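In case you want the letters, here they are:
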Amino acid sequence: MLVDRVDFFRLDASRKLDPQRRSELGQFMTPPATARLMASMFQAGADALTLLDAGAGVGSLTAAFVDEICRRARKPKSLHATAYEVDRALIEYLRATLDECRKTCEKSGVAFGFEVIERDFIEDGVCKLSQEMFDPVERFNCAILNPPYRKINSDSQTRFALREIGVETSNLYTGFLSVVLMLLAEGGELVAITPRSFCNGPYFRPFRKLVLGTLAIRRIHVFESRQVAFGEDGVLQENVIFQGVKGGNENLRVTVSSSTGPEDEFSSIREAAYEEVVRPDDPESFIHIVADELGATVGESLGRLSWTLGEHDLEVSTGRVVDFRATKYLRRAPGADTVPLIYPRNFEKGFVKWPKPGGRKAQAIAVAHDREGLLVPQGIYVLVKRFSAKEEERRVVAALYEPSLVEAEFVGFENHLNYFHRNGGGLPLKLAKGLAAFLNSTLVDLYFRQFSGHTQVNATDLRSLKYPTRSQLEALGLRIGGQFPDQETIDRYVKEALNLADDSGITDPVKAKKRVGEALRILKDLGLPREQQNERSALTLLSLLDVRPDTLWAEAGEPLMGITPMMEFFRAHYGKNYAPNTRETVRRQTIHQFLDGGIVRINPDDPTRPTNSPYAVYQIEPRLLNLLRAFGTPRWEEGLKGHLTSIETLRKRYAQERAMKRIPIEVAKGKTITLSPGGQNTLVERIIKDFCELFVTGGKLVYVGDTDEKWAYFDCELLRSLGVTIEAHGKMPDVVAYHRDKKWLVLVEAVTSHGPVNPKRRGELKRLFRGCEAGLVFVTAFLSRSAMLKYLGDISWETEVWVADAPTHLIHFNGERFLGPYEGRGNET
């Protein structure tokens, strides 16, 4: 694919760019997987497309857009791209990318033109918009962007420029998007990737109003991990991609999806009503991102609440003591002229503990007649942490400040806290306890995450919530004694206080979250790699045990489960609806590791069934099942040690059973390996014994993959001698052979259940073998011509096809030559 070919420019530019310059410009260039995902969201149905790429970098997003448009059955007649880039170090790469775009469009019969503007986008855009009365402004019907991310000072030229068009914002990315929205034509589409931070909070309120007043959002995609969208740049920011139509109909539904990262095909998808995403009665216009049905249930449950803080005669404020500004009043220990100073570290089991030994923070603050207005009168307060650590399970954490535990006339709340009060003073005890319990419920925490993509809890966020009635909060408070109960009990009390009766047709989201969390803990205790300590793997484990949100671990079962029934289990019992084409992700990224870890067995009902058969089934390992039934009891910790000790014995036993049925293949003189039986490996055997003998005569095998063990054979030294070093996570083809006489490296994909060498896969292989001194030859192999027919429309041009039932023939897909490389050597792009 084009975007994969030009990714070399991005990687080369990233190595050369000055880190300080990148920081000043807020540059984070878009990886190809993210660019492809963004481009796929466009409708782009006009005959003449005009594309704006603001802050284009090396042009990855424009390349992805061109790729997407040119692959479609209905193509535009023309496409004109306008690319803004202010960094001169990137201009040469950008122009080269746009030239590649032109070539791709020409092959597809699309007229392509482009303009590179080497000026500051905001200043140039504002200038054009300001003179619109005298000089008509060019409008675009498509805009794609990954805007720069950095703060902009209130006295900066950028800030002054934005004010000229009525935009007040403190971050460059919202400034870019504001100008793009104004340059977008009516009915035009915008696709952008941004930090999720604009979805809530007071700082981004004007920007949200602008976006939602201009754009009808049609699609939202959120990444569950902070480390994936721009992981190469070390960015730990929660990102969101959104697509919308300027002036579009808000009555249509919004497609909301989520995935671990842009390359993760395992995305959950749901359709939501527009008013579910942006509540019509919300003055803050928070954007709620709910990617599964359990999240929707949470929204429905709290949507029944109607009381505001004002109706409770309550307010919430941020702690007044900013410690570095009040240094002269801070004291390491309490004294006669001091009052308590409360930090988040004073939270302990739902209450405030003061003083609290240890730590480097001050324990008290001098009264000094409170000339700075830093203190509040003694009373009962509900405190909420403003910030939570990334690794904390909860975002909303509340605690009760009770004067009966602390004798003082005043108290100081540090700035990292929010505090609930009534006219600046304390709250009634019953109401305060009920409020703290409500805020500490799992239900509130789950709801909060729907509109907040960061670890900060602002006072504005707490004001935006709807609360139970006064009688409900007081009834809840009566159940809280001298100490707060455990989480499960709090959640039960809140459910009962809010009259959230059990409905047999609706999964309880709190119980579901608890079960998934327990499954994650089990995976961690069993020593699964970090890549498998995720929701997908947790749900897979739960399905293999038939553990539903209401099922006790002691009742865990051992059903035979295929991948499709597992995914149906995810949907029916945990509200996670995944596309059917994501089955392979479950098999490759979870089940394989479960097999390696001795967690499951494959095909215990029929060991002769191929491991990659569509009818393959899996079952929890019997000994592990007995241990898992003890989870949550003292027997779990005791049995876990014994299980981890014996796991190698289990692995060896299963390995011996599988070895009896393996396929022997001679890969080099005097060296034989065995492959797992059936499925793809039957074809791999034919590739080595027939295809390589006929078409790579006198050649040498470099790599052979196995369904069970991916790196079954690998001549690392030979590949290194050709200028290629493969990382362990590289997605290898099934067979690699080196034709010594012709200096070709032949890459063969064996197709039984996976796809052929399509344009995307061809681009992946070229990147994987970049730098190869031998020419790259791409081959797709099938067992039969009937098997090939299914994939004819996907096979890339300039590749070969070999069919095992006609082994002496090759099918050539276009190009200048028959069976040979096209770009000379593998290090050319």
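Whatever comes next refers back to the structure up there.
Residues numbered from 1 in each chain as written. Predicted model: local features only at pLDDT ≥ 70, side-chain atom pairs only at ≥ 80, totals over all residues. Heavy atoms only, no water.

**Re the pattern of salt bridges**
Within the structure shown, the criterion is met by 42 salt bridges. In this structure, Glu348 engages Lys356 in a salt bridge whose closest nitrogen and oxygen atoms are separated by 3.6 Å. Residue classification places Glu348 among the partly exposed positions, given a relative accessible area of 35%. Accessibility expressed as a relative area gives 17% for Lys356, which makes it buried. Among the ionic pairs, Glu496 bridges to Arg492, the shortest N-O distance being 3.8 Å. Placement of the pair is Glu496 and Arg492 together in helix 17 (residues 487-497), with a separation of 4 residues, close to one helical turn. (Salt bridge = Lys/Arg side-chain N within 4 Å of Asp/Glu carboxyl O. Buried < 20%, exposed > 50% of the residue type's maximum accessible area, 1.4 Å probe, protein only. Helix = DSSP H or I, 4+ residues; strand = E, 2+ residues; numbered from the N terminus.)

**Considerations on the sheet that holds strand 25 (residues 700-704)**
If you walk across this open sheet you meet the 7 strands as 26-25-27-28-29-30-31, and the pairing is mixed. With partners counted over all chains shown, the strands left at the sheet margins are strand 26 (713-714) and strand 31 (810-813), one partner each. Where strand 30 (residues 799-803) meets strand 31, 4 bridges bridge the pair, whose relative direction is antiparallel. Within the sheet, the bridge partner assigned to Thr799 lies in strand 31 and is Phe813. Contacting strand 25, strand 27 (735-739), strand 28 (744-751), strand 29 (775-782), strand 30 and strand 31, helix 24 (residues 680-695) runs over the sheet at an angle of about 150° to strand 28. (Pairing = 2+ DSSP bridges. Contact = heavy atoms within 4.5 Å. Axes fitted to C-alpha atoms, helices over the stretch in contact; angles between N-to-C directions.)

**So, the sheet that holds strand 16 (residues 375-377)**
As summarised here, the arrangement of the 5 strands in space is 11-15-12-19-16, forming an open sheet in which the pairing is mixed. Of all strands in the sheet, those with a lone pairing partner are strand 11 (330-331) and strand 16, marking the two edges. Relative to strand 19 (residues 410-413), strand 12 (residues 338-342) is paired through 2 bridges, and the arrangement is parallel. In the sheet register, Leu341 faces strand 19, and the bridge partner there is Gly412.

**Overview of the packing of helix 19 (residues 535-545) against helix 20 (residues 563-574)**
Put simply, helix 19 and helix 20 touch, their axes get as near as 9 Å, and they point 95° apart. In terms of orientation, helix 19 and helix 20 fall into the roughly perpendicular class. On helix 20, the residues touching Arg536, Leu539, Thr540, Leu542, Ser543 and Leu544 of helix 19 are Met566, Phe569, Phe570 and Tyr574. When its residues are assigned to classes, the contact of helix 19 with helix 20 shows 7 nonpolar, 2 polar and 1 charged. (Parallel < 35°, antiparallel > 145°, perpendicular 65-115°, else oblique. Nonpolar A, V, L, I, M, F, W, Y, C, P; charged D, E, K, R; others polar.)

**A short note on the packing of aromatic side chains**
Aromatic ring pairs are reported here in terms of the distance separating the ring centres and the angle at which the planes meet. Counted by the stated rule, this structure contains 27 aromatic pairs. Judged by centre distance (4.9 Å) and plane angle (75°), the ring pair of Tyr84 and Phe121 falls under edge-to-face. With Tyr84 in strand 2 (residues 78-84) and Phe121 in helix 7 (residues 121-130), the pair connects residues that are 37 residues apart, well separated along the chain. When its relative accessible area of 4% is taken as the criterion, Tyr84 is described as buried. Centroid distance Tyr173 to Phe204: 5.9 Å. Interplanar angle 40°. Geometry classified as tilted. A residue pair is termed long-range when its members are at least 10 positions apart, and Tyr173 in helix 9 (residues 172-183) and Phe204 in the loop between strand 5 (184-195) and helix 10 (205-214) qualify at 31 residues. Judged by relative accessible area, which is 0%, Tyr173 ranks as buried. Through pairs of rings, three or more aromatic residues link up here, namely Phe286, Tyr447, Phe448 and Phe451. (Phe/Tyr/Trp six-rings, centres within 6.5 Å; stacked < 30°, edge-to-face > 60°.)

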